[in-house]
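Examination of the molecular architecture
The lines below spell out each chain.
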Amino acid sequence: MDRQLFFTLGDVVANLFVGFVMAAVAWLLVGTGWNMLIAMVAMMVLGMGLAVFLWFPIGIVLGAMEAMVPMMLTGMLSGMVVGMTAAMSSLSFSDASWKGLISGFVCFAFVWVMNSRLRGPQAL
Amino acid sequence: MVDIATQRKWDKVAPTFDLMAGRGAEIRWAPCKTELFSRMDGRVLFLALGTGLDIPLFPRGRDITAIDISPKMLEQAKPRVDAYDGNLRAEVMDVHEMTFDDGSFDQIFTSCTFCSVPRPVEGLKSLYRVLRPGGGLYMFEHTGSRYYPFKPMMNLMTLLTEKFGPAMNRTTVDNVRAAGFEVLEVNNIFLDVVKTIVARKPG
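A few points on the structure.

The rules we used
- All residue numbers refer to position in the chain's written sequence, counted from 1.
- By the order in which they are written, chains take letters starting at A while ligands take numbers starting at 1.
- Local features in this predicted model are restricted to residues whose pLDDT is 70 or higher, and side-chain atom pairs enter the listing and the counts only when it is 80 or higher, whereas totals over whole chains, interfaces and linings include all residues.
- Hydrogens and water molecules were not included; the side-chain quantities draw on all heavy atoms of the structure.
- Helix numbering and strand numbering both begin at the N terminus, where a helix is a DSSP run of H or I of at least 4 residues and a strand a DSSP run of E of at least 2.
- As a reference, a globule follows 2.2 Å times the number of residues to the power 0.38, and the radius of gyration itself is taken over C-alpha atoms.
- Residue contacts follow a heavy-atom distance rule, with two residues in contact if any of their heavy atoms lie within 4.5 Å.
- Neither His nor the chain termini are counted; the positive set is Lys and Arg, and the negative set is Asp and Glu.
- A charge is said to be at NZ when it belongs to Lys, at CZ for Arg, at CG for Asp and at CD for Glu.
- Once two parts are joined, some of their accessible surface, as seen by a 1.4 Å probe, is lost; buried area is that loss totalled over both.
- The rule for a salt bridge is simple: a side-chain nitrogen of Lys or Arg has to be within 4 Å of a carboxyl oxygen of Asp or Glu.
- In short, DSSP must find at least two bridges between two strands for them to pair.
- Here, axes are lines fitted to C-alpha atoms. For helices the fit covers the stretch in contact, and angles between N-to-C directions go from 0 to 180 degrees.
- Only protein chains enter the accessibility calculation, which uses a 1.4 Å probe; a residue whose area is less than 20% of its type maximum is buried, one above 50% is exposed, and one in between is partly exposed.
- Throughout, nonpolar core names a set of buried Ala, Val, Leu, Ile, Met, Phe, Trp, Tyr and Cys residues whose side chains join them through atoms within 4.5 Å.
- Two axes enter the bend calculation: one fitted to the seven residues ending at the residue in question, the other to the seven starting there, and the bend is the angle between them.
- Expected helix span is given by 1.5 Å per residue-to-residue step, counting one fewer step than there are residues.
- Whenever two N or O atoms come within 3.5 Å, that pair is a polar contact, provided that in protein one can donate a hydrogen and the other can accept it, and provided that, for residues adjacent in sequence, both atoms are side-chain atoms.
- The labels follow the angle: roughly parallel below 35 degrees, roughly antiparallel above 145, roughly perpendicular from 65 to 115, and oblique for the rest.
- Two helices that cross are described as forming a left-handed crossing if the nearer one is turned anticlockwise from the farther one by less than a right angle, and a right-handed crossing if clockwise.

Here we come to the overall build of chain B. Along chain B, the regular secondary structure elements total seven helices and seven strands. Reading chain B from its N end, one meets helices and strands in the order α-α-α-β-β-α-β-β-α-β-α-α-β-β. Its C-alpha atoms give chain B a radius of gyration of 16 Å, near enough to 17 Å, the size a compact globule of 203 residues would have. Summarising its shape, the C-alpha atoms of chain B cover approximately 45 × 40 × 35 Å along the three principal directions. Taking contacts inside chain B between residues at least 6 apart in sequence as the whole, the part at least 24 apart equals 70%. Charge centroids of chain B, computed over 26 positive and 25 negative side chains, lie 4 Å from each other.

Before going further, it helps to spend a moment on the interface of chain B and chain A. If you look at the interface, chain B gives 33 residues, while chain A gives 30 residues. Buried area between chain B and chain A, summed over both chains or domains, comes out near 2800 Å², and the portion from carbon and sulfur atoms is 76%. Considering only the surface of chain B that becomes buried against chain A, Arg 28, Met 153 and Phe 190 of chain B emerge as the three largest contributors, covering 26% of it. Where chain B meets chain A, there are one salt bridge. We note a salt bridge from Asp 11 of chain A to Arg 28 of chain B, for which the minimum N-O separation is 2.7 Å.

Turning next to the sheet that holds strand β6 (residues 182–190) of chain B. One open sheet accounts for eight strands, arranged β1(A)-β6(B)-β7(B)-β5(B)-β4(B)-β1(B)-β2(B)-β3(B); its pairing is mixed. The strands lining the two open edges of the sheet, one partner per strand, are β1 (120–121) of chain A together with β3 (87–92) of chain B. Sheet analysis places strand β2 (residues 63–68) of chain B next to β3 of chain B, joined by six bridges and oriented parallel. Counterpart to Ile 64 of chain B in the pairing with β3 of chain B is Leu 88 of chain B. Against the sheet, helix α3 (residues 23–37) of chain B engages β1 (43–47), β4 (105–111), β5 (131–142), β6 and β7 (194–200) of chain B, with an angle of about 180 degrees to β5 of chain B.

All names here are of chain A. Inspection of the secondary structure assignment puts Ala 109 in helix α4 (residues 93–118). The partly exposed category is assigned to Ala 109, whose relative accessible area is 27%. Separated by 29 residues in sequence, Ala 109 and Met 80 place their C-alpha atoms 18 Å apart.

The next thing to look at is the nonpolar core. Core analysis: the largest hydrophobic core is formed by 67 residues, its most contacted members being Met 65 of chain A together with Phe 46, Leu 49, Phe 58 and Leu 191 of chain B. In terms of residue count, the dominant contributor to this core is helix α3 (residues 65–88) of chain A (11 residues). In this view, Leu 191 of chain B contacts Val 69, Val 111, Met 114, Asn 115, Leu 118 and Arg 119 of chain A together with Phe 150 of chain B; residues no more than four positions away in its chain are not counted. Core analysis: the next-biggest nonpolar cluster, separate from the first, contains 25 residues, Leu 47, Phe 100, Leu 124 and Ile 197 of chain B among them.

Take α3 of chain B next. Most pronounced at Ala 30 of chain B, the bend in α3 of chain B amounts to some 50 degrees, and the proline Pro 31 of chain B follows within four residues. Buried residues of α3 of chain B: Gly 24, Ala 25, Arg 28, Trp 29, Ala 30, Lys 33, Leu 36 and Phe 37 of chain B, and no others.

A separate point is the pairing of β6 of chain B. Bridge count for β1 of chain A against β6 of chain B is two bridges, and the pairing is antiparallel. Bridge pairing in β6 of chain B places Pro 121 of chain A opposite Asn 187 of chain B. Looking at chain direction, β6 of chain B and β7 of chain B are connected through seven bridges and run antiparallel. Looking at the pairing, Val 183 of chain B lines up with Ala 199 of chain B of β7 of chain B. Connecting β6 of chain B to the antiparallel partner β7 of chain B that follows it, the hairpin turn spans three residues, and Leu 191 of chain B within it adopts a positive phi of roughly 50 degrees.

Taking 1.5 Å per residue as the helical rise, helix α1 (residues 3–29) of chain A with its 27 residues ought to reach 39 Å, and the 38 Å between its terminal C-alpha atoms agrees with that figure. Capping of α1 of chain A at its N-terminal end is provided by Asp 2 of chain A; its side-chain oxygen lies 3.1 Å from the backbone amide nitrogen of Gln 4 of chain A.

This part is about the packing of helix α2 (residues 36–62) of chain A against α3 of chain A. Residue and element names in this part refer to chain A. It is the contact of α2 with α3, at a shortest axis distance of 6 Å, that shows an interaxial angle of 150 degrees. Relative to α3, α2 is oriented roughly antiparallel. In this structure, α2 meets α3 at a crossing whose hand is right-handed.

A separate point is the side chain of His 142 of chain B. Mapped onto the fold, His 142 of chain B is located in strand β5. Setting aside residues no more than four positions away along its own chain, His 142 of chain B makes contact with Met 65 of chain A together with Cys 112, Cys 115, Pro 166, Ala 167, Met 168, Val 193 and Val 194 of chain B.

By themselves, these observations are geometric and do not establish any function.
Put into structure tokens, the structure is as follows:
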């Protein structure tokens, strides 16, 4: 497979995976009794930590910063979104999973767009 | 006096460094590193050789002195050093305590080094000393980001990563200027996090 395609697809799959896993963790941990703000912040921090943990094996194949930065962002967003919604109302596993997967794709796309804007020679 | 704490940290990770550094990063960064290293000319100092992962990307037939603070890293690097088609010497040396004479080198190259040097501006000043006036500094580095949300993320991440390896939030371009170099080029490779920096010692 072409290297560029391999890394692009790999980045997408890695972010979907992190988004899904963090959504599942947040779904398991957070119930409707939680304070929404605490749930949001706690799952965001946990999501970042989990993303770093998952990055270690994935990063060997997909690279260092190019894999780590979007995965951390995905972990934070997925944890934040699922933690917040699970604290507000009863959330099915399927809904939580979709939120995690969408978070993963949004973060991948955001980093991709930002990278397109920032890469290249810089004015001094 | 060698920074024992830093030396021990890198000695400890030496046996697994190649695995941790990962094939992915090597493949992704190889074209940019190859382009940067293709500028090697004259007496070259390569800083923080590590296990020598970058050696296959060096152009052939160059005169390169490489240093690293970790003897264990250089033990791992030996087969790659021996395989290099040119003049490559590897020595255990701390960037803060370099024994080279002033102006010994025409060029200095670094590769993911100044994320790990404990006192980066002082380290860069040491490089300034051993580089000849008008000589070039060529860096492939990862740094912190200026942009939200990456900046706070990298700051948080550094709290963890500094325990076993590099910092993720260094302001290396500013540090290069603070050490007295004139920055000529900054080329972002990934976001504003992975970049090449070309600078020169005035004179």
